Amino acid sequence: MSGRVPMIARTGMDFECGEPGPPGLGAALLDHARPEKGMPRILIFDEHGVYRLGLALTLKSALATSSVFQTGSIETTLSMLQTEPGIDVALLDLDIADPESAGFLRDMARAAPQTRLVLLIPWNSPEAVLAAISAGLHGAVSKAQSDSEIIHAISDVLSGRIYVPVWMGGPREERAGEPQPGSEWRETTKAENRMFRLTPRQREVFLLIAEGLSNKEIAQRLEISEATAKIHIAAVFRVLQVRNRTEAALLAREWRD
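Residues numbered from 1 in each chain as written. Predicted model: local features only at pLDDT ≥ 70, side-chain atom pairs only at ≥ 80, totals over all residues. Heavy atoms only, no water.

Here we look at the pattern of salt bridges
Right, so step 1: All told, the structure shown has six salt bridges when counted by the stated rule.
Right, so step 2: In this structure, the salt-bridge partner of Lys143 is Asp46, at a minimum N-O distance of 2.6 Å. Of this pair, Lys143 sits in the loop between strand E6 (140-142) and helix H6 (147-158) while Asp46 sits in the loop between strand E2 (41-45) and helix H2 (49-63), placing them 97 residues apart in sequence.
Right, so step 3: You can call Lys143 partly exposed: its relative accessible area is 22%.
Right, so step 4: Note that Asp107 and Arg110 form a salt bridge whose closest N and O atoms lie 2.5 Å from each other. A residue pair is termed a helical-turn pair when its members lie 3 or 4 positions apart in one helix, as Asp107 and Arg110 do in helix H4 (residues 99-111) at three residues.
Right, so step 5: Linked through salt bridges whose partners overlap, the residues forming this network are Asp46, Asp93 and Lys143. (Salt bridge = Lys/Arg side-chain N within 4 Å of Asp/Glu carboxyl O. Helix = DSSP H or I, 4+ residues; strand = E, 2+ residues; numbered from the N terminus. Buried < 20%, exposed > 50% of the residue type's maximum accessible area, 1.4 Å probe, protein only.)

Structural notes on the pairing of strand E5 (residues 116-121)
Right, so step 1: With five of six residues buried, E5 lies mostly within the body of the structure.
Right, so step 2: Judged from the four bridges that link them, strand E4 (residues 89-92) and E5 form a sheet pairing that is parallel. By the bridge assignment for E5, Leu91 is matched with Val118.
Right, so step 3: The pairing of E5 with E6 spans three bridges and is parallel. Its bridge partner being in E6, Leu119 is matched across the sheet by Ala140.
Right, so step 4: Considered for its hand, the β-α-β crossover made up of E5, helix H5 (residues 126-134) and E6 is right-handed. (Pairing = 2+ DSSP bridges. Right-handed = clockwise from strand over helix to strand, strands pointing away.)

By themselves, these figures tell us nothing about what the structure is for.
Structure below.
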């Protein structure tokens, strides 16, 4: 670890950020992003102060957060999670392949079990996303993603979903919203319209979720790893705009009817 003095700054209702976030972003995404209950409390750990402050300003603008905390060291991050009550999401710039960082991550999970931990990664790395999901984190966000994508990611995590970037699904999933080959433009139910957006693999996963299979059982049935199954499940929830397995099962029932 570096010998720098731990740094902490707070933005929100207690300490204002200063300049507003990107023009128009908050208005465009606010309805989607705001959680159903209360105002979210978000902690950002990143040793790079410029990125950390920029992300804090963006979150403040788009999510109307009551508090956005920033830290520049792992030790201060852990202290914050132990002493600051009710932090909903912690965005962590960590190398979870590093044993020391992995140890801190376990300490953070124990210190604040109610906080959803999200990995910040420097570029689009499927391996890093898989590692994050395998480690039990609630998602991974790439710094290469746009502001709007990051806002949607935080919104997903706040609403209870595990977030997986769209680019993990490959080119076909990036065209979510278009009908799959062989489907027809016709009068359809909302459930059918959403089903058209799933890739064939995602449709398999969706039907297994509807049958009540666990993550482990889905992985065994499809002969994939449990981490990969979790990524497919997160993608299904995102495309179908559902928050959990119960909502997915209800959608499956509507689709079958």
